[in-house]
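# Notes for the structure review
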Amino acid sequence: MFNHTTRRSLVLGAAAAGASLALPATALAQAKAPLVGPLAPNPVEFQKQIAQFTGKASPQTEGLLLDVPVLADNPSAVPVKVKVTLPITEQDWCEEIVVLAELNPSPLSCRMQFTAAAGTAEAAIRIRLSQSQTVHAMARMKSGKVLVAKQAITVAASGCGM
């Protein structure tokens, strides 16, 4: 009397539709949950690192190139390239470059020091990111100028604590 194939198809279709509606909400709720414990961001340390590096100098946004991918599929090894584009001379060269990850538990990702003999100030590194955030690079010149650059990056999953 009843067509079991039709009823079975209807039940399976309803279950699939319900699951597809529930999954995005669950995934969205998990994605927006703030990190806690050892993976939580440390904004105080981030601001402290910026203040220590810049000192009394006013940062300039020109002269420093930061190359970071917009989307990181492997947050455990995100490629970052930093290069000072100002001329390097015997009177003025880049003394130090730092890379900071704003929302990492330990924001200082890398510190590199240079001399006038280097002739250039550039580096390619890989950093670990705990979540989607902004990566900052700062360079201090011998003349006292501080150069800054930043770029937002989206990570596929957490890299810290893996």
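Just above sits the structure.
Bear in mind the structure is a predicted one, so any value in this text is a computation, not a measurement.

### A look at the packing of aromatic side chains
Scanning all chains against the criterion turns up zero aromatic pairs. The residue whose ring lies beneath Arg140 is Phe53, and the NZ or CZ to ring-centre distance is 4.2 Å.

### Some details on the sheet that holds strand S2 (residues 71-72)
Ordered in space as S2-S8-S7-S4-S5, the five strands form an open sheet in which the pairing is mixed. Sheet topology places S2 and strand S5 (108-113) at the edges, where each strand pairs with a single neighbour. Along the sheet, helix H2 (residues 43-54) contacts strand S4 (94-101), S5, strand S7 (133-141) and strand S8 (146-155); its crossing angle with S7, the most-contacted strand, is approximately 20°.

### Side note on the sheet that holds strand S3 (residues 78-84)
One open sheet holds the three strands; their spatial order is S1-S3-S6, and the pairing between them is antiparallel. In this open sheet, the two edge strands, each paired with only one partner strand, are strand S1 (64-67) and strand S6 (122-127). Sheet twist, expressed as the average angle between the axes of neighbouring strands with direction ignored, equals 15°. In the sheet, S1 pairs with S3 via four bridges, with the strands oriented antiparallel. Looking across to S3, one finds that Asp67 is bridged to Lys81.

### Structural notes on the pairing of S4
Of all the eight residues making up S4, seven are buried; the element is thus mostly covered by neighbouring parts of the structure. Sheet topology places S4 next to S7; seven bridges connect them, and they run antiparallel. Bridging across to S7, Cys94 finds its partner in Met141. Bridge count for S4 against S5 is five bridges, and the pairing is antiparallel. Bridging from a neighbouring strand, Glu96 pairs with Gln113 of S5. Taken together, S4 and the strand that follows it, S5, pair antiparallel across an intervening segment of six residues.

What counts, and where the lines are drawn
- Chains are numbered independently. Their residues run from 1 in the order of the written sequence.
- In keeping with the model being predicted, local features are shown solely for residues with a pLDDT of at least 70 and side-chain atom pairs are shown and tallied solely at 80 or more, while totals for entire chains, interfaces and linings include all residues.
- Side-chain measures were taken over the full set of non-hydrogen atoms in the model, leaving aside hydrogen atoms and water.
- For this analysis, a ring pair means two rings from Phe, Tyr or Trp (six-membered ring only for Trp) whose centres lie within 6.5 Å, classed as stacked if their planes differ by under 30 degrees, edge-to-face if by over 60, and tilted for the remaining angles.
- Charge over a ring is defined by NZ of Lys or CZ of Arg lying within 6 Å of the ring centre and within 35 degrees of the ring normal.
- We treat two strands as partners when DSSP finds at least two bridges between them.
- Strands are runs of DSSP state E lasting at least 2 residues, helices are runs of H or I lasting at least 4, and numbering of each runs from the N terminus.
- Whether two residues are in contact is decided by their heavy atoms, any of which lying within 4.5 Å being enough.
- Structural elements are reduced to axes, namely lines fitted to C-alpha atoms, with helices fitted over the stretch in contact, and the angle between N-to-C directions of any two is expressed from 0 to 180 degrees.
- For the exposure calls, accessible area comes from a 1.4 Å probe over protein chains only, and a residue counts as buried if that area is under 20% of its type's maximum, exposed if over 50%, partly exposed in between.

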